[in-house]
Amino acid sequence: KLGDYSSKIKEIINSLPYNAIITTDAGNHTVFTGMLKKCSLPKTIISSHSMGTMGFGLPASIGVKFGCLDYGIDREVVLISGDGGFQMNIQELGVIAENNLKILMVVMKNNKLNVFGDIKNPNFNKIADAYGIDNAYVEGIDEIEENVKSYLKNKNPYLMVVECKDENLPKPFT
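Thresholds applied
Residues numbered from 1 in each chain as written. Predicted model: local features only at pLDDT ≥ 70, side-chain atom pairs only at ≥ 80, totals over all residues. Heavy atoms only, no water. Axes fitted to C-alpha atoms, helices over the stretch in contact; angles between N-to-C directions. Helix = DSSP H or I, 4+ residues; strand = E, 2+ residues; numbered from the N terminus. Parallel < 35°, antiparallel > 145°, perpendicular 65-115°, else oblique. Left-handed = near helix turned anticlockwise from the far one by under 90°. Contact = heavy atoms within 4.5 Å. Nonpolar A, V, L, I, M, F, W, Y, C, P; charged D, E, K, R; others polar. Core = buried A, V, L, I, M, F, W, Y, C linked by side-chain atoms within 4.5 Å. Buried < 20%, exposed > 50% of the residue type's maximum accessible area, 1.4 Å probe, protein only. Pairing = 2+ DSSP bridges. Salt bridge = Lys/Arg side-chain N within 4 Å of Asp/Glu carboxyl O.

Trainee: When you look at the packing of helix α1 (residues 4-15) against helix α2 (residues 28-36) in this model, what are you seeing that I'm missing?
Mentor: Packed helices, taken two at a time, are described by the angle their axes make and the gap between the axes. Orientation of α1 relative to α2, taken along the N-to-C sense of each, is 55 degrees, at an axis distance of 10 Å. As the angle between them shows, α1 and α2 are arranged oblique. Judged by the sense of rotation from one axis to the other, the crossing of α1 with α2 is right-handed. For the pair α1 and α2, the contacting residues are Y5, S6, I9, K10 and I13 in the first and N28, H29, F32, T33 and L36 in the second. Looking at side-chain class alone, the contact of α1 with α2 contains five nonpolar, four polar and one charged residues.

Trainee: Just checking my understanding: could you explain the nonpolar core for this structure?
Mentor: Nonpolar side chains tend to gather and get buried jointly when the protein is soluble and globular. With 22 residues, the main nonpolar core has I12, L104, V106, M108 and M160 as its most contacted residues. Contributing elements (two or more residues each) for this core: α1, β3 (77-82), β4 (103-109), β5 (134-138), α7 (144-153) and β6 (158-163). Here this core takes four residues from α1, the largest share from any one element. Grouped together as the second largest cluster of nonpolar side chains are 20 residues, I62, M105, F124 and I133 included.

Trainee: For this particular structure, what's the right way to read unusual backbone geometry?
Mentor: In terms of backbone geometry, most residues other than glycine have negative phi values and most peptide bonds are trans. In this structure, N100 takes a positive phi of about 45 degrees despite not being glycine. Locating N100 in the fold gives a position in the loop between α5 (93-98) and β4. Exposure remark for N100: the relative accessible area of 39% places this residue in the partly exposed category. Even without being a glycine, N111 presents a positive backbone phi close to 60 degrees. Relative to the helices and strands, N111 resides in the loop between β4 and α6 (124-131).

Trainee: When you look at the pairing of β3 in this model, what are you seeing that I'm missing?
Mentor: Note on strand geometry: in a regular strand, side chains alternate between the two faces of the sheet. When you tally the buried positions in β3, you get six out of six residues, the bulk of the element. The alternating pattern of β3 places V77, L79 and S81 on one face and V78, I80 and G82 on the opposite face, and all of these are buried. Note: strand β1 (residues 21-23) against β3, three bridges, orientation parallel. What sits directly across from I21, in β3, is V77. One ladder, built from six bridges, connects β3 with β4; its direction is parallel. Paired with I80 across the strands is V106, a residue of β4.

Trainee: Any chance you could explain the pattern of salt bridges here in plain terms?
Mentor: Two side chains that carry opposite charge are able to pair once their charged atoms sit near each other. A full pass over the atoms with the stated rule returns five salt bridges. The residue E163 makes a salt bridge to K109 at a minimum N-O spacing of 3.0 Å. Here E163 is found in strand β6, whereas its partner K109 is found in strand β4, with 54 residues between them in sequence. Accessibility expressed as a relative area gives 15% for K109, which makes it buried. A salt bridge links D118 to K112, with the nearest nitrogen and oxygen atoms 3.3 Å apart. Residue D118 is classed as exposed on the basis of its relative accessible area of 63%. Using a relative accessible area of 25% as the deciding quantity, one classes K112 as partly exposed.

This is a description of form; function is not addressed.
Okay, structure coming up:
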């Protein structure tokens, strides 16, 4: 059975076009995205594969988006990041805003660095406002699809901060 965190990741994935390119960095979101996303095309998930590279996802999404624009690839680019990893390169929001890169940035906010401890987060929505980036704060799973659809209809970057409860990672099969 899926918990709050993984259920919200699943809802995000299910609300996206099948060919969306998802970037992640290190954290629970990477494990749940890898488990729940059915990849029907190559290069659908761009990840550091949990090699401890927190902060990889945001700049990776920028590189993927520029690559799509340069080569005429018409696919949505989506970052799914944890709150800790997102903070590692949060200044890259300036690049996204300056170039008006249509990227859906999802921050899974559980106020934890996995087993390493709790963290205090800034108000990500106010930071997005400061960069002129459209954004939403999501608490309930029922708010996810409408926010993703709103992003898909527009041509602007969008930050969606998803409040979620911590959830243990699944144990490997033995």
